[in-house]
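The chain contents come next:
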Protein chains: 4
Amino acid sequence: MSGNTFGEIFRITTFGESHGAALGVIIDGVPAGLPIDMEFIASELSRRRPGQSALSTARRESDTPEILSGVLNGIATGTPLAIIIRNTDQRSRDYSNVEHIFRPGHADYTYNAKYGFRDYRGGGRSSGRETAARVAAGAVAKLFLATLGVNITAFASEIGGVKAEKFFPEEIEKNPARSPDPDAAAAMAEAVAASAAAHDSIGGKVGCRITGVPAGWGEPVFDKLDALFAHAMLSLGAVKGIEFGAGFETAAMRGSENNDPMRPGVPPFVTNRAGGILGGISNGDVIEFTLAVKPTPSISALQKTVDDKNTPRDLEITGRHDPCIVPRIVPVVEAMAALVLADCALRQRCARLD
Amino acid sequence: MSGNTFGEIFRITTFGESHGAALGVIIDGVPAGLPIDMEFIASELSRRRPGQSALSTARRESDTPEILSGVLNGIATGTPLAIIIRNTDQRSRDYSNVEHIFRPGHADYTYNAKYGFRDYRGGGRSSGRETAARVAAGAVAKLFLATLGVNITAFASEIGGVKAEKFFPEEIEKNPARSPDPDAAAAMAEAVAASAAAHDSIGGKVGCRITGVPAGWGEPVFDKLDALFAHAMLSLGAVKGIEFGAGFETAAMRGSENNDPMRPGVPPFVTNRAGGILGGISNGDVIEFTLAVKPTPSISALQKTVDDKNTPRDLEITGRHDPCIVPRIVPVVEAMAALVLADCALRQRCARLD
Amino acid sequence: MSGNTFGEIFRITTFGESHGAALGVIIDGVPAGLPIDMEFIASELSRRRPGQSALSTARRESDTPEILSGVLNGIATGTPLAIIIRNTDQRSRDYSNVEHIFRPGHADYTYNAKYGFRDYRGGGRSSGRETAARVAAGAVAKLFLATLGVNITAFASEIGGVKAEKFFPEEIEKNPARSPDPDAAAAMAEAVAASAAAHDSIGGKVGCRITGVPAGWGEPVFDKLDALFAHAMLSLGAVKGIEFGAGFETAAMRGSENNDPMRPGVPPFVTNRAGGILGGISNGDVIEFTLAVKPTPSISALQKTVDDKNTPRDLEITGRHDPCIVPRIVPVVEAMAALVLADCALRQRCARLD
Amino acid sequence: MSGNTFGEIFRITTFGESHGAALGVIIDGVPAGLPIDMEFIASELSRRRPGQSALSTARRESDTPEILSGVLNGIATGTPLAIIIRNTDQRSRDYSNVEHIFRPGHADYTYNAKYGFRDYRGGGRSSGRETAARVAAGAVAKLFLATLGVNITAFASEIGGVKAEKFFPEEIEKNPARSPDPDAAAAMAEAVAASAAAHDSIGGKVGCRITGVPAGWGEPVFDKLDALFAHAMLSLGAVKGIEFGAGFETAAMRGSENNDPMRPGVPPFVTNRAGGILGGISNGDVIEFTLAVKPTPSISALQKTVDDKNTPRDLEITGRHDPCIVPRIVPVVEAMAALVLADCALRQRCARLD
């Protein structure tokens, strides 16, 4: 029921606001015996952390994870892992100027409508900072999936209209755009810089490729593997769409063009327009999906809005904001994908009698 | 955990295979006192039923729903409603020719991989026929939502590359394509006919517009309203993508272009690029999303495939199949949207102290 | 959330009223490949069925189960099993005399309070008849558990103050009291007959012994094995208490008297005051618990009550009622125990990395 | 699925080991607008804390709760509340002597069997210390229930065979036994002292009385109110049984003796043998149940046991242990009862159309 829990067997519950004391997560269902590499968790958080390049906000969070339970001598015990991340950069500032104003493109208006009021400090729980807890949990999921040979790679496939035309996975972490195409990376960075210079922001697309998933994961009819990925990804505030394999292009295709022919082999598919999923179950091929990422709603250009008295107001948002969220969302997408797959891996353990 | 249950408070669990004895659903959480209009449920099933036009398969299912529980004198009692739909058109045919062959674009290979074997009779549970149970449940959800003023309208926004350019909701049920643009409807039908003549099938897009949802529905951070819709829609076998509001177009937009300016009013938005959802919570505006629907994988043209001995095989699929699934998926999309919203409406009853 | 669903992986959802069209259950999570023995399911239902002896109601229900899905050629396919049982003995009688009167000891008053009205026909969903669906599902769980060597035996340990002093499991089904002590069985039957002759009913206790459960089942801290059994058993309307192993006697014991000493062996326990569960996890020993079963509230003696206008009324309940529910609840207790254990068996598959 | 989550709408997830860094809980579903009284939470934790009298262990835990999220200016915001309690009294001791030995009556053997190894430091997650997180969450549930007029009172009804014969609720917190009968309190304390002097421990019973619950709470058929209480209470390690109202005494009663006659009024019951619950739904009367609490398994007397090589070992448990857990479990029982009721109160908000 709770909107702050995700997964069935490998299951996380998160908490925390942008400007509260701490963010955190309880991870239940971590198989006993899994080695927990704290440095890996910290490194994943570091990938999400702001302030790493000109493309992201200058807010500095050390984002140091602390494990409170569930691990003995570096090994998961089978009891829940709790990880917290203190908010160390809570500038003691005056929020009175935004307390009553609704920022366009933000959740200010809707949180107010839902709860009767809202935590106005930096967006509260609707802040992207909430995803730090997901990344910490996703790192644990990745540790589990690594024992099964699963590898997840997300990347900027498009920023500000600039498309990555090549896919060199080893290049992704080498450029601030997280582009797998080093040639496109520079143009992407320029697009971001241009929008920032215009007191504006810019959107893009994130791709995700997953290898090593065996055929058989996913739980029809409602918890199909693609349905779970879609749930996971659309739970990220900036994501406005998702497509699997050939995705929206299939709308204009014929069946003979879209069906992936089969031939002897494992996996037995000649092409992969399905994106590695058939009937909601992994088919053993590479899983591929793409996300639409909207431009950051926080812009310093003047905007028309209203306050909570329904009075028109002019707004110029100050402070530290990402001119483009695409590069920073990449590790979050990987984390959510890992959480989906860790859960499906365990669920599949129960599918058959033997 | 179960992959055959959807929803938290207003919750359905479905069962049934294409060629088994019956399909059905248990609907738990229907508020006591809701009048249950059996004719409406039957009429919704009739909208999904095959054999209604040249655009859909000739298979004839009477699809008569039978309510087994939960209703007294036409009123929901608060106990679970069970509805079953007998499979009356199970042709006693010989399946031995497909029992061991994997149909491209179908779930044959993946069900085998997951469970070790599969129900080869007409696709078993992976058949689109499974959605009849969803439509029956969705009809009950619609009855509840109608008491709240919520109205859901899905439609064919594109078929075979032909786009609906106008939106006349009253036209949708008047043409076999379920196009809101009567001018486009004829071209859509021609596109379907052309693909059928070529022993092929064709894809398209389905749009959905929902009015009357108040601001405040949806449960951050994981059960955001858009995340729940995405989960629901991607659980339909033919759907390969979803986008909300401006969707994939936002990838090339700037924040100043994408943010919906606000002005006094209810809802207070000048435009609706957000698609009626902000921060995962309904904002009171029209909810809008679009789905990519792949071409039906069952085509009678010759296809290359393999059998369960990994031997190459040629396949020509015979029998009754939809040359385009778009028109028939329209009521299913509405049903799934209704299930999401009925659940969110009840969850919102618990959000505040008063 | 739904109150009509039980279990996490091996999960059932039930429906049905005493005098509706049918009762039934969807069983999700049955491992693919499990042979489904329909005769066994029917025989378990037959054990619960009324009209078998002078100790139970004369109501005649054929209780024939029909499987609607999830089985192919006698083997579970991994998709949900749906089983329905038609209500064939719905006497078309006039309920107007009880429609507005609350029967003492029954749920009439509370259903009214909860839902605003109630299904007054034979108790509706609060009728013990609802448990037929549990027995059908429990039979499937037993089939799964049998593959693991688990055996569940419930029995009347006390009726009307008469205690079973011996435990001969093969005697249980041979006497109408379901007493494991053939000597006590006759006295138990006399106690029931005496209460019936007095237009009254009588209570008792049900014991349950489970062998073959390996050490390790149960999910601390909230889904401890005993907590799940307690949940399952107290969900039966007639059950007013449960105790495990030495149970309430431990309240007056010292630790040195209650702790089970350990010695080399499997299981390594000298005694079994723990009832086979330590820290909420099975310890490999026999699992033992006892239930308090209240006397049937439906008695034909005159009772003081009120109607839904809060007016005092005299009530004499007519019709067919069990003078003692203990014998008939025995197979229901076994069914619920089986459902708990089938779920725990699957959950344990996910506990460890290897 | 997760065994560390309890509740559906008002839902908690806990973590933490006896000798780890911290214990804690995430409480999801707290209605927005609820004032959060931190001093009350601290005072409830203080009631559970050890070292308060000669009847409990001398271990000193400050048990200071820290709220990390979900509260703004003292008011719940609708987002999850996280509370952590640092373990400040982790004596850095040598556990090598117990690392491989199984303590009788403890979960050592079963945790090993379940997970392949265990956290041997002070019992790890199977320690009673885990319940501190429950008490913190239960305090928040009590704050919510107080707005509805619900009052929960648990107490020692029996210790070491000494029964409380009177019920003066204001006396409970005034004596170290937490007896509602001040005369019995002294004899209870003597029983505890006698068992401690004998290097032993002693068991007892805890009663619970709940007033102010309106008729209508509880969710048939599986989540009956008594089933949920039973689940909650048996999830406490020391509890071996539960009975509602007349409980096990009903086993020897006739229906005419057990049924509570009804007369005009609210609630309309002359007696309360049902314990305030009929058909799994609260009936508006006082809810009453009693728990069997086993003697603390940790005793310093010599015990026979085995180690993880299945070798016989003699064991004398040293360190700080409660000679009787009954007084300290009283606030934990109240907390679990509060969690059950807070959840049911919210679920009932969804029961009816209007």
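Check the entry above for the structure.
Predicted model only: the values in this text are computed from it and were never measured. (Residues numbered from 1 in each chain as written. Chains lettered and ligands numbered in written order. Predicted model: local features only at pLDDT ≥ 70, side-chain atom pairs only at ≥ 80, totals over all residues. Heavy atoms only, no water.)

> What's the story with the packing of helix α1 (residues 38-48) of chain A against helix α3 (residues 131-146) of chain A in this structure? I'm lost.
Helices that pack against each other are described as a pair by the angle of their axes relative to one another and the distance between those axes. Residue and element names in this part refer to chain A. Here α1 crosses α3 at 140°, and the two axes come no closer than 9 Å. Taken together, α1 and α3 sit at an angle that is classed as oblique. Between α1 and α3 the crossing geometry is right-handed. Where α1 abuts α3, its residues F40, I41, E44, L45, R47 and R48 lie against T131, A132, V135, A136, A139, V140, K142 and L143. Looking at the contact of α1 with α3, its residues break down into nine nonpolar, one polar and four charged. (Axes fitted to C-alpha atoms, helices over the stretch in contact; angles between N-to-C directions. Helix = DSSP H or I, 4+ residues; strand = E, 2+ residues; numbered from the N terminus. Parallel < 35°, antiparallel > 145°, perpendicular 65-115°, else oblique. Left-handed = near helix turned anticlockwise from the far one by under 90°. Contact = heavy atoms within 4.5 Å. Nonpolar A, V, L, I, M, F, W, Y, C, P; charged D, E, K, R; others polar.)

> What am I meant to see in the interface of chain B and chain A here?
In many analyses, interface size is given as the accessible surface area lost on bringing the parts together. Taken together, the contacts link 109 residues of chain B with 109 residues of chain A. At the boundary of chain B with chain A, total buried surface from both sides reaches about 8200 Å², with 60% on carbon and sulfur atoms. Linking chain B with chain A are two salt bridges. Its salt-bridge partner being K114 of chain A, residue E219 of chain B comes within 2.9 Å of it at the nearest N-O pair. Counting the contacts that link chain B with chain A gives 52 residue pairs in polar contact (both at pLDDT 80 or more). (Buried area = accessible area lost by both parts, 1.4 Å probe. Salt bridge = Lys/Arg side-chain N within 4 Å of Asp/Glu carboxyl O. Polar contact = N/O pair within 3.5 Å; in protein donor to acceptor, adjacent residues only side chain to side chain.)

> I tried to follow the sheet that holds strand β9 (residues 162-163) of chain C on my own but got confused; where do I start?
Strand pairing in a sheet relies on backbone hydrogen bonds, with the paired strands running either antiparallel or parallel. Read from one edge to the other, the open sheet built from 10 strands follows the order β9(C)-β8(C)-β10(C)-β14(C)-β11(C)-β11(D)-β14(D)-β10(D)-β8(D)-β9(D), with strand pairing classed as antiparallel. Here the strands that pair on one side only, and so sit at the sheet edges, are β9 of chain C together with β9 (162-163) of chain D. In this structure, strand β8 (residues 151-159) of chain D lies alongside strand β10 (residues 204-211) of chain D, joined through eight bridges in antiparallel fashion. In the sheet register, A154 of chain D faces β10 of chain D, and the bridge partner there is C208 of chain D. (Pairing = 2+ DSSP bridges.)

> I keep staring at the relation of the copies chain A and chain D and nothing clicks. Help me out?
Each of the two chain copies can be generated from the other by rotation about an axis followed by a shift along it. Superposing chain A onto chain D takes a rotation of 180° combined with a translation of 0.0 Å along the rotation axis, leaving an RMSD of 0.0 Å. Between the two chains, the operation in question is that of a two-fold axis. Nearest to the rotation axis, the C-alpha of T13 of chain A is located 3.8 Å from it, this being the minimum over chain A. Both copies share a contact surface, since 100% of the interface residues of chain A are interface residues in chain D too. (Least-squares fit on C-alpha atoms with pLDDT ≥ 70 in both.)

> So what exactly am I meant to see when it comes to the packing of aromatic side chains here?
Given two aromatic rings, their pairing is described by the distance between the two centres and the angle made by the two planes. By the definition in use, this model includes 35 aromatic pairs over all chains. Taken together, a centroid distance of 5.6 Å and an interplanar angle of 40° make the contact between F222 of chain C and F6 of chain D tilted. With F222 of chain C in the loop between β10 (204-211) and α5 (225-234) and F6 of chain D in strand β1 (residues 5-6), this pair bridges two chains. Plain terms: the ring middles of F102 of chain D and Y109 of chain D are 5.4 Å apart, the flat faces sit at 85° to each other, and that makes the pair edge-to-face. Residue Y109 of chain D is classed as buried on the basis of its relative accessible area of 15%. Through pairs of rings, three or more aromatic residues link up here, namely F102 and Y109 of chain A together with F269 of chain B. Above the plane of the ring of Y115 of chain A lies K114 of chain A, whose end atom (NZ or CZ) is 5.8 Å from the centre. (Phe/Tyr/Trp six-rings, centres within 6.5 Å; stacked < 30°, edge-to-face > 60°. Buried < 20%, exposed > 50% of the residue type's maximum accessible area, 1.4 Å probe, protein only. Lys NZ or Arg CZ within 6 Å of the ring centre and 35° of its normal.)

> Hey, could you run me through the state of the cysteines in this one?
Working definition: the covalent bond between the sulfur atoms of two cysteines is a disulfide. Counted according to the given criterion, the structure contains zero disulfides over all chains. No disulfide involves C350 of chain A; its nearest neighbouring cysteine sulfur is the one of C350 of chain C, lying 4.0 Å away. On the basis of relative accessible area, C350 of chain A is assigned to the buried category, the value being 5%. (Disulfide = S-S within 2.5 Å.)

> Mind showing me how you'd approach the environment of R178 of chain B here?
Residues and elements named next belong to chain B. Looking at where R178 falls in the secondary structure, it is placed in the loop between β9 (162-163) and α4 (182-197). For R178 and Q348, which are 170 residues apart along the polypeptide, the C-alpha to C-alpha distance reads 33 Å. The residues contacting R178, other than those within four sequence positions of it, are R47, F155, A156, I172, E173, P327, R328, V330 and P331.

> Help me understand the sheet that holds strand β2 (residues 11-15) of chain C, please; the structure alone is not making it clear to me.
Residues and elements named next belong to chain C. Strand order in the open sheet made by the five strands is β1-β2-β3-β7-β4, with antiparallel pairing throughout. Only two strands of the sheet have a single partner each, and these edge strands are β1 (5-6) and β4 (65-69). The pairing of β1 with β2 spans two bridges and is classified as antiparallel. In the strand pairing of β2, F6 is matched with I12.

> Teacher, can you tell me more about helix α1 (residues 38-48) of chain C here?
Along an α-helix, residues three or four positions apart point the same way, because every turn accommodates 3.6 residues. Residue and element names in this part refer to chain C. Of all the positions in α1, only I41, E44, L45, R47 and R48 are classed as buried. Down the axis of α1, the sector holding all buried residues measures 155°, keeping them to one side. For α1, the N-terminal capping position is held by D37, with its side-chain oxygen 3.0 Å away from the main-chain nitrogen of E39. (Arc of directions from axis to C-beta.)

> Looking at this structure, how should I read the relation of the copies chain B and chain A?
Its rotation angle being 180°, the transformation that places chain B on chain A also includes 0.0 Å of axial translation and leaves an RMSD of 0.0 Å. An overlap of 100% is found between the interface residues of chain B and their copies at the interface of chain A, pointing to a shared contact surface.

> Explanation requested: the side chain of S69 of chain B in the structure shown.
Examined against the element boundaries, S69 of chain B turns out to sit in strand β4 (residues 65-69). Separated by 3.2 Å, the side chain of S69 of chain B and the backbone nitrogen of A82 of chain B make a polar contact.

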